[in-house]
Amino acid sequence: MSKITTDETEILAQQHPIAPYLRMDRMPHIWCPTCGIGTVVKCYATALEQSGVDLDKVAVVSGIGCTGRVAGYMKLDAFHTTHGRAIPFATGLKLGRPEMLVTVFSGDGDLAGIGGNHLIHTGRRNIDMLVILVNNFIYGMTGGQNAPTTPIPARSSTMPYGNFEPPFNLPHLVASCGATYVARWTSLHIRRLTKSFNEAIHRKGFRFIEVIAPCSTLYARLNKLGTGFHLMQFYHDHAEIHHGIDTREVGIGYQDTIICGKFIDEEKPTFLELMNNHYRKVLGDKFVPMPLEGGMIREQD
Amino acid sequence: MKADPAGVLTGAHYLDGDFACGEGAMAAGCRFVAGYPITPSTEVVERISRRFPMMGGIFIQMEDELASMAAVVGASWTGTKSMTVTSGPGFSLMMENIGLGAMMEAPCVVVNVQRGGPSTGLPTMVGQADIMQARWGSHGDYELIALSPQSPQEAFDLTIDAFNLSEIYRVPVMFMMDECVGHMTEKVVIPPAEEIEVVPRKLSKLKPEEYWPYSVNGGDIPEMVRAGDGYRFHTTGLTHDHRGYPDMSAECQELCVRRLVEKIKHNADKIVRFEEEETDGADVVVVTYGITARVARMGIEMARKKGVKVGVIRLIVIWPFPEKRIRELAGMVKAFVVPEINYGQIVLEVERCAAGKAAAVPVSHGGGGVHDPNDVCQAILGAAK
């Protein structure tokens, strides 16, 4: 194989099919080799392209952590916010300009740990947003600490003798709060994940997709599970697709079956629809809804 | 520009400070409020939630104050003027995302109807002990603006000013009411919309390919755009360069954070606002704010009757602090007397500016009530000796 010169690398990068969706001036990204997050970003960008939505109206909001860096790489209106607060930030973005298509892209520690309260309440209100939660079972950015998703008895840097805390079953958690679309895939399921993203982009309400992704640097190393490749091989051998399964059945044990599929897909009025319909009913002609383009006041020309 | 009449309840009303603050926000063009109930501030959002559906505004009661403040910063990026309302314990929870607002330079208003603290403290009773927190509460270096009204009328007027300042300087503005002003009912005159000056969001006219969110071209304040207009911009709470891209270097930290601090410091003369009375030839100058400015009145009159020449500086804008004027006066007076409902906060700032040229005498009160005017009088008499 001949050597690739720097110029050629540059040309190859620009030719990448999702380059138009990325801030190529920020490459290379900070993710480790064999990290699953890049794959999830690729699937999301591909889904955006297939979806045909107006990209000017798409915003990506992230919190803090490895997956929290996604917002920084997407060539969209993109907000890298505080730890755990991506969902309430996104709520303000959506309600302040209701025509926005808001995606929250963050990790398990960010959304289900420190941000857990926002996750459940936003599901309950059915705020119109797509939440992509990349679950690598561990706090990656800070060095492999225990997460609310770490299976028992996986080792983490703060559970050096193995985890004894029961983890969340996230699809079940958000389903019980009222999410309208709930799915889980692994970062191996590129085609299905992309299709699921595209489908969810066209749904309304609080949509939640969990993506199981390898963290070879910390989770795999602390648990002697091999490299990222071995984790992908594990997904290949142990992921089972069960569409529509009762979400009580989809909890993840240590090195156990990962149940994937689309668990929930239903239509329910969103927060804005509920609010607007209610005020129209009780206030009649006096009600003035928030304009789709937002409540910004402008100087009259 | 002139206020949108939809949000202006023109007329003479009998309102408490909380309601007046809510009316001020609506008159200023605020159309998004996220909040969490907390005494003694809740009446502000009760007022707003009743009137917002008639003017295209959205009030959402969030799950906590962390979420409220995060939602306000998010909504600010849509160009919709945004506000949250709270009191001490909630103010503490908001600090994280007040810092985000400062770092992202997202205009917004945070109302704090102060009660006695620390912790749960005195939920229904007055305090003024969050004044330093308003300036230093979030971690790291930043500057912002804080105002303090002394009456329901000012709660209305200054809330409009708070929104205008937040738009001009792209900062979260702290509206530091106190329980007494919040729950005090007085006449509030709301002028016609055409007499209310509001500052609209100034959007950049640059094309998306020319625009970077934190380019200042030698100025202090970058041009803003909003989400959904095709700019596809990035902003972050991380230290960032002019593109809004993270840059973890001491050099970038210097550029990024120094400007956050200096954009307020350079414009302090324009932002600082206070009322000054009889300071010419004064022996003692009382520096005061909020409800205490009104309570101290009687003590000041008592001291004047006893022959002491007493001047007054009433802070309207608390942060940035009127450093220059206090420095000047320090060379002319014997002492400053600083009554406030805390164990010494603004008095520290007065002491710093006086720099040993004049004494700074605190008149402390722990909260739960206002000062006895006699205490203010006695402090003035003591300081004049």
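Engineer: Account for the overall build of chain B, with residues named and values stated.
Structural biologist: Summing up its helical and strand segments, chain B has 13 helices and 16 strands in all. Taking 2.2 N^0.38 as the reference for a compact globule, 385 residues should give roughly 21 Å; the C-alpha atoms of chain B span a radius of gyration of 21 Å, in line with that estimate. Out of the 385 residues belonging to chain B, those deemed buried represent 64%. Within chain B, counting contacts between residues at least 6 apart in sequence, those at least 24 apart form 78% of the total. Put simply, chain B shows about 13500 Å² of open surface, and 53% of that area lies on carbon and sulfur atoms.

Engineer: Before we move on, can you summarise the side chain of N198(A) with the specific residues and values?
Structural biologist: Mapped onto the secondary structure, N198(A) falls in helix α8 (residues 190-201). A residue is classified by how much of its surface remains accessible, and N198(A), at 17% relative accessible area, is buried.

Engineer: I'd like a rundown of the pattern of salt bridges, residues and numbers included.
Structural biologist: The final tally for this structure, using the stated rule, is 42 salt bridges over all chains. E63(B) is the partner of R125(A) in a salt bridge, and the nearest nitrogen-oxygen pair spans 2.8 Å. Taken together, the residues R125(A) in helix α6 (residues 116-125) and E63(B) in the loop between β3 (58-61) and α3 (65-76) connect one chain to another. Residue R125(A) shares its accessibility class with E63(B), and that shared class is buried. In this structure, R294(B) and E186(B) form a salt bridge, with 2.5 Å as the shortest nitrogen-oxygen distance. Highlighted residues: R294(B) in helix α10 (residues 290-305) and E186(B) in strand β9 (residues 185-190), separated in sequence by 108 residues. Classification of R294(B) as partly exposed rests on a relative accessible area of 31%.

Engineer: Could you give an account of α10(B), with specific residues and numbers?
Structural biologist: Residues and elements named next belong to chain B. Taking 1.5 Å per residue, 16 residues should reach 22 Å; α10 reaches 24 Å between its end C-alpha atoms and fits that length. Of all the bends found along α10, the most pronounced is centred on A296 and spans about 30°. Listed in full, the buried residues belonging to α10 are G290, I291, T292, A293, V295, A296, G299, I300, A303 and R304. Downstream of α10 by a residue or two, G307 has a phi angle that is positive, lying close to 95°.

Engineer: An account of the nonpolar core is needed here, citing residue identities and associated values.
Structural biologist: Ranked by size, the top nonpolar core spans 148 residues in total, and within it F89(A), W77(B), M83(B), I145(B), V287(B), F336(B) and I346(B) carry the most contacts. When residues in this core are grouped by element, the largest group, 8 residues, is from helix α6 (residues 152-169) of chain B. When residues of this core are assigned to domains, at least three fall in each of domain 1 (5-195) and domain 2 (275-384) of chain B.

Engineer: Can you break down the packing of α3(B) against helix α4 (residues 88-104) of chain B residue by residue, with the values?
Structural biologist: Residue and element names in this part refer to chain B. Relative orientation of the contacting elements α3 and α4 amounts to 20°, with a least axis distance of 7 Å. Considering their axes alone, α3 and α4 lie roughly parallel with respect to each other. Judged by the twist between their axes, the crossing of α3 over α4 is right-handed. Residues E65, L66, S68, M69, A70 and V73 of α3 form the contact with α4, whose own contacting residues are G90, L93, M94, E96, N97, I98, L100, G101 and M104.

Engineer: Which residues make up the side chain of Q150(B), and what values go with them?
Structural biologist: Residue and element names in this part refer to chain B. Its location among the elements puts Q150 in the loop between β7 (145-147) and α6. Q150 sits in the buried class, given a relative accessible area of 18%. Beyond its immediate stretch of four places on either side in the chain, Q150 contacts V181, G290, A293, R294 and R314.

Engineer: Go over the sheet that holds strand β10 (residues 234-236) of chain B, please, and point to the residues and values.
Structural biologist: With respect to topology, 9 strands assemble into an open sheet ordered β7(A)-β8(A)-β5(A)-β6(A)-β4(A)-β3(A)-β1(A)-β2(A)-β10(B), the strand pairing being mixed. In this open sheet, the two strands that pair with only one neighbour each are β7 (239-241) of chain A together with β10 of chain B. Strand after strand, the sheet turns through a mean of 20° between neighbouring axes, direction not considered. Pairing of strand β1 (residues 58-62) of chain A with strand β3 (residues 101-107) of chain A involves 4 bridges; the strand directions are parallel. Each residue of the ladder has a partner; that of V58(A), found in β3(A), is L101(A). In the packing of helix α10 (residues 228-238) of chain A onto the sheet, the strands contacted are β5 (181-186), β6 (206-212), β7 and β8 (258-265) of chain A, and the crossing angle to β7(A) comes to about 40°.

Engineer: Give me the domain arrangement of chain B: which residues, what numbers.
Structural biologist: Residue and element names in this part refer to chain B. Per the domain assignment, the segments of chain B are domain 1 (5-195) and domain 2 (275-384). Computed from C-alpha coordinates alone, the two centres of domain 1 and domain 2 are separated by 27 Å. Each partner contributes residues to the interface: domain 1 has 27 residues there, and domain 2 has 24 residues. The junction of domain 1 with domain 2 conceals about 2100 Å² of combined surface from both sides, 57% of it contributed by carbon and sulfur atoms. On the domain 1 side of the contact with domain 2, Q128, M132 and Q150 bury the most area, a combined 31% of that side's loss. Applying the counting criterion to the domain 1 and domain 2 interface returns 3 salt bridges. At the junction of domain 1 with domain 2, the criterion picks out 17 residue pairs in polar contact (both at pLDDT 80 or more).

Quick notes on the rules
- Residues numbered from 1 in each chain as written.
- Chains lettered and ligands numbered in written order.
- Predicted model: local features only at pLDDT ≥ 70, side-chain atom pairs only at ≥ 80, totals over all residues.
- Heavy atoms only, no water.
- Helix = DSSP H or I, 4+ residues; strand = E, 2+ residues; numbered from the N terminus.
- Rg over C-alpha atoms; globule rule 2.2 N^0.38 Å.
- Buried < 20%, exposed > 50% of the residue type's maximum accessible area, 1.4 Å probe, protein only.
- Contact = heavy atoms within 4.5 Å.
- Areas by Shrake-Rupley, 256 points an atom, 1.4 Å probe, with all protein chains shown as cover.
- Salt bridge = Lys/Arg side-chain N within 4 Å of Asp/Glu carboxyl O.
- Expected span 1.5 Å × (residues − 1).
- Bend = angle between axes of the 7 residues up to and from the residue.
- Core = buried A, V, L, I, M, F, W, Y, C linked by side-chain atoms within 4.5 Å.
- Domains from an automatic or database assignment.
- Axes fitted to C-alpha atoms, helices over the stretch in contact; angles between N-to-C directions.
- Parallel < 35°, antiparallel > 145°, perpendicular 65-115°, else oblique.
- Left-handed = near helix turned anticlockwise from the far one by under 90°.
- Pairing = 2+ DSSP bridges.
- Buried area = accessible area lost by both parts, 1.4 Å probe.
- Polar contact = N/O pair within 3.5 Å; in protein donor to acceptor, adjacent residues only side chain to side chain.

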